[in-house]
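Residues per chain are reported as follows:
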4 protein chains.
Amino acid sequence: MTSQKSSEELKTRAPKRQRGHDRVAVLLEAAAKVFARRGYDAATMTEIAAEAHSSIGSLYQFFPTKPLLAEALHIDRLERLKAGLRDMAERSIGLSAAGSGEAIFDALAAFIEQYPEFPVLAGRRDIPKDRKARSRAELRELIAAFLRQAHPPITDDIVLMAGIVLELLRIAVVVSSDPDAAEDRRVFAELRLMLRKRLEDATAKD
Amino acid sequence: MTSQKSSEELKTRAPKRQRGHDRVAVLLEAAAKVFARRGYDAATMTEIAAEAHSSIGSLYQFFPTKPLLAEALHIDRLERLKAGLRDMAERSIGLSAAGSGEAIFDALAAFIEQYPEFPVLAGRRDIPKDRKARSRAELRELIAAFLRQAHPPITDDIVLMAGIVLELLRIAVVVSSDPDAAEDRRVFAELRLMLRKRLEDATAKD
Amino acid sequence: MTSQKSSEELKTRAPKRQRGHDRVAVLLEAAAKVFARRGYDAATMTEIAAEAHSSIGSLYQFFPTKPLLAEALHIDRLERLKAGLRDMAERSIGLSAAGSGEAIFDALAAFIEQYPEFPVLAGRRDIPKDRKARSRAELRELIAAFLRQAHPPITDDIVLMAGIVLELLRIAVVVSSDPDAAEDRRVFAELRLMLRKRLEDATAKD
Amino acid sequence: MTSQKSSEELKTRAPKRQRGHDRVAVLLEAAAKVFARRGYDAATMTEIAAEAHSSIGSLYQFFPTKPLLAEALHIDRLERLKAGLRDMAERSIGLSAAGSGEAIFDALAAFIEQYPEFPVLAGRRDIPKDRKARSRAELRELIAAFLRQAHPPITDDIVLMAGIVLELLRIAVVVSSDPDAAEDRRVFAELRLMLRKRLEDATAKD
DNA sequence: CATGAATGAGTATTCATTCAT
DNA sequence: CATGAATGAATACTCATTCAT
């Protein structure tokens, strides 16, 4: 009660049993739903536990704080995103820069549609600055790697181009979140086109 | 979260006297600071009152709920933005489309730098869908009006172009909020360039 | 909700209205009762608020954390004790060392009987080391001052003697807390006698 | 706090095998460390299990509730203390009363230094009144027995003298717990001296 | 109107204890 | 027996909002 917990860093506890593993997965998906539905601040641990058909105690067994839960989920989604991009890169060898750009653009949009909690998690205000920066850098590097294998090669600064793609992601976010905005869809398509044009310009005339 | 609207529609009460006007202004600016500093959810009415060197009682005198306060501030900022755009339009007659685009782009970035609470307010999750749509439509129309007076005229869908400019605003948000991101600034500049190119393409060759 | 309170030291808020002052007094007495009844850890803020016929919110209005409440009460009791000792000192000029010792001994026992929460507060585990030391030093000094005015004067180390009296306080605590222990009372009396003897030994034969 | 005793009296289960015995010992020592470190309330069953490199399940196998664990440990320590006193008594036949007093005084201090969890256990608030009284009586009797064999014999009430020694234990507690208090050490020595004097007075002049 | 005290539902989190494997 | 997951009542604390002065 009056514990003065030695400042041991709290950490997500790894489950040691199969049941635990399953539960963790269920809890994460429940958290995803609730974060997507309510946003980070308004999401409550109670609602997440309920969504997982679990007890609040079980939730805390594995995720000892709300920020840690959010972070665990964020990392999971980030891994999926990175895996997806890597996967795409493999299957897209030989694409033109412009084609690559469009492919990534579409992939990002699809990702956000599938994981609407992602922008919520990425945007929460309590992420340590450096972690935020690191995540962005990783993503940018993955996109850059993707663009680097374009044929003919891109002559402009590839990391910069990657940054652009990433920023355009933000727009994808909004468009994805607003299903009735027919207008937005056209804007989205238009931006996709702008990206294509830009990458064509950045391409060496072979 | 704990709002229990009484039967009568709550409305921001208009102050009857000069002193009231001043007080309202002070309260709004205080709210702006706190929203910018903490975000919408984490901002507390108490902190806002304190920031205004006022009491909660006084705050509630004018703004009977937190959402209403946010909305009042949001509307104020929207008015300023619209006024700024109108003003700019007047002073920019005869600009090329590309020049107009850049001008707006810069203006939006500057606006957000001056009013960092704006994206917070625009992003809060409890805005009625229709109000959100309306705000966006108004802004889009103002930008469209701006673009319409370009010389030579734009041949493509002007409202679409306006939508694009508006979406790019999101990127400005991030760039403005992250002062150390040198990389981001380059991306920002690059997007600005992309916009210019796109508008040049959309221009009738006179 | 996700507030990252800048690390402003939380402090007991001073009431600015008469009503507030009254309430603070009531809350402190309620806390005293509950701490005495349950001990520090087992005492709950809820029970304290209830004991004060107040709401939990009101309690927190003035005492933003449980440790702070305990500390405020502790300080209050310490003040009373010091005032009592000072007062006693005035009224006891000319007493012999042995008489002084007995007087203080009795006074301490009476104090603890009146304020049974005192040992609870003094013993809670989260008091900063230095504050604990300071309190003890203050008390020791007051007792020392008391002893210093004895006639004939004490020849031994007075501060040491004061320390002894203070330690004997611990015994008073137990004896006071255990009302049925007839045996304990005799022990208490015996210790009182030992103190008298010791102080007689420490006295200059005038 | 949340104990829901099932109908059958819960009792510390005696282990049937050697392995069980070892485990119990390890668990008790772990509990000792944690109680000493955190105090009774703040000590958690989980931390105790961890300290024992065991699981909560195992801990509960042997000690079905936290109070029962505390009590088992308390009894163990009490046994050790009693054994130690008995042992000392044997080896100290023929000592003077004053010498005996000092010997016990030192022995108690040493005991508490070795078993710092002892005062924590003895002080916990949920000990049944009668058990508390019984423990004290036992100890007092042991000390009395010790004093009874002094030469020359004590003429005053021996049980009373024993009570005094026991009360002085409290002071030993504090002095032992506060390693930096040089002042306290002097007080401790002084009390030891007072005890010697008192016992000399209580001795028949042979 | 201004002020600040009063209210209490709501939130994150803890921890003793139970139970399935 | 060992293990660690499951449970949920209990607790400290927050904050929008109301109201007496």
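Just above sits the structure.
For every chain, the first residue of the written sequence is number 1, and numbering continues from 1 onward in sequence order. Ligands are numbered from 1 and chains lettered from A, in the order in which they are written. For a predicted model such as this one, the threshold for reporting local features is a pLDDT of at least 70, and the threshold for listing and counting side-chain atom pairs is 80 or more; totals across whole chains, interfaces and linings nevertheless cover every residue. Each side-chain value is worked out from all heavy atoms of the structure, with water and hydrogens disregarded.

**So, the relation of the copies chain D and chain C**
Argument step 1. Rotating chain D by 179° and translating it 0.0 Å along the rotation axis places it on chain C, where the RMSD comes to 0.2 Å. Here the symmetry operator amounts to a two-fold rotation axis.
Argument step 2. Any two residues whose heavy atoms approach within 4.5 Å are treated as being in contact. Both copies present the same face, since 97% of the interface residues in chain D are matched by interface residues at the equivalent positions in chain C. Alignment of copies: least-squares fit on C-alpha atoms of residues with pLDDT of at least 70 in both copies.

**Examining the pattern of salt bridges**
Argument step 1. Criterion for a salt bridge: a side-chain nitrogen of Lys or Arg within 4 Å of a carboxyl oxygen of Asp or Glu. Summed over the entire model, instances satisfying the criterion amount to 88 salt bridges over all chains.
Argument step 2. Measuring nitrogen to oxygen at the nearest pair gives 2.6 Å for the salt bridge that ties C:Asp76 to C:Arg77.
Argument step 3. Whether a residue is buried, partly exposed or exposed follows from its accessible area with a 1.4 Å probe, protein chains only, as a fraction of its type maximum: under 20%, in between, or over 50%, in that order. For C:Asp76, a relative accessible area of 23% translates into the label partly exposed.
Argument step 4. What makes C:Arg77 buried here is its relative accessible area of 1%.
Argument step 5. In this structure, the salt-bridge partner of D:Arg80 is D:Asp76, at a minimum N-O distance of 2.7 Å. With D:Arg80 and D:Asp76 both in helix α4 (residues 66–91), this residue pair falls four residues apart, about one helical turn. Helix and strand assignments come from DSSP, with helices taken as H or I runs of at least 4 residues and strands as E runs of at least 2, each series counted from the N terminus.

**Focus: the interface of chain D and chain C**
Argument step 1. With 34 residues of chain D at the interface, the matching set in chain C holds 35 residues.
Argument step 2. Overall, the association of chain D and chain C removes approximately 2800 Å² of surface from exposure, summing both partners, and the carbon and sulfur fraction of that is 58%.
Argument step 3. At the boundary of chain D with chain C, the tally comes to six salt bridges.
Argument step 4. Put simply, C:Asp201 and D:Lys197 hold a salt bridge, and the shortest N to O gap is 3.9 Å.
Argument step 5. Identification of polar contacts relies on pairs of N or O atoms within 3.5 Å, with a donor-acceptor requirement for protein atoms, meaning one able to donate a hydrogen and the other able to accept it, and with residues adjacent in sequence counted only if both atoms are side-chain atoms. Along the contact surface separating chain D from chain C lie seven residue pairs in polar contact (both at pLDDT 80 or more).
Argument step 6. Among the elements of the structure, α1 (18–38), α7 (129–148), α8 (158–177) and α9 (182–201) of chain D are those that each provide at least two residues to the side of chain D that touches chain C.
Argument step 7. Residues are grouped as follows: Ala, Val, Leu, Ile, Met, Phe, Trp, Tyr, Cys and Pro are nonpolar; Asp, Glu, Lys and Arg are charged; all remaining types, including Gly, are polar. Across the side of chain D that touches chain C, the residue classes break down as 15 nonpolar, two polar and 17 charged. Buried area: the accessible area, evaluated with a 1.4 Å probe, that two parts lose upon being put together, summed over both parts.

**Some points on the protein's contact with DNA strand F**
Argument step 1. Residues are counted as near a molecule or strand when any one of their heavy atoms sits within 4 Å of it. Lining the immediate environment of DNA strand F, one finds 37 residues, of which A:Lys16, A:Gly57, A:Ser58, A:Gln61 and C:Tyr60 sit closest.
Argument step 2. A breakdown of the atoms of DNA strand F within 4 Å of the protein gives sugar and phosphate a share of 65%.
Argument step 3. Contact between DNA strand F and B:Lys66: a phosphate oxygen at 3.0 Å from a main-chain N or O atom of the residue.
Argument step 4. In this structure, D:Arg23 approaches DNA strand F through a side-chain N or O atom, which is 3.5 Å from a phosphate oxygen.
Argument step 5. With five residues, helix α3 (residues 56–62) of chain A is the single largest residue contributor to the surface near DNA strand F.
Argument step 6. Split by residue class, the surface near DNA strand F holds 15 nonpolar, 14 polar and eight charged.

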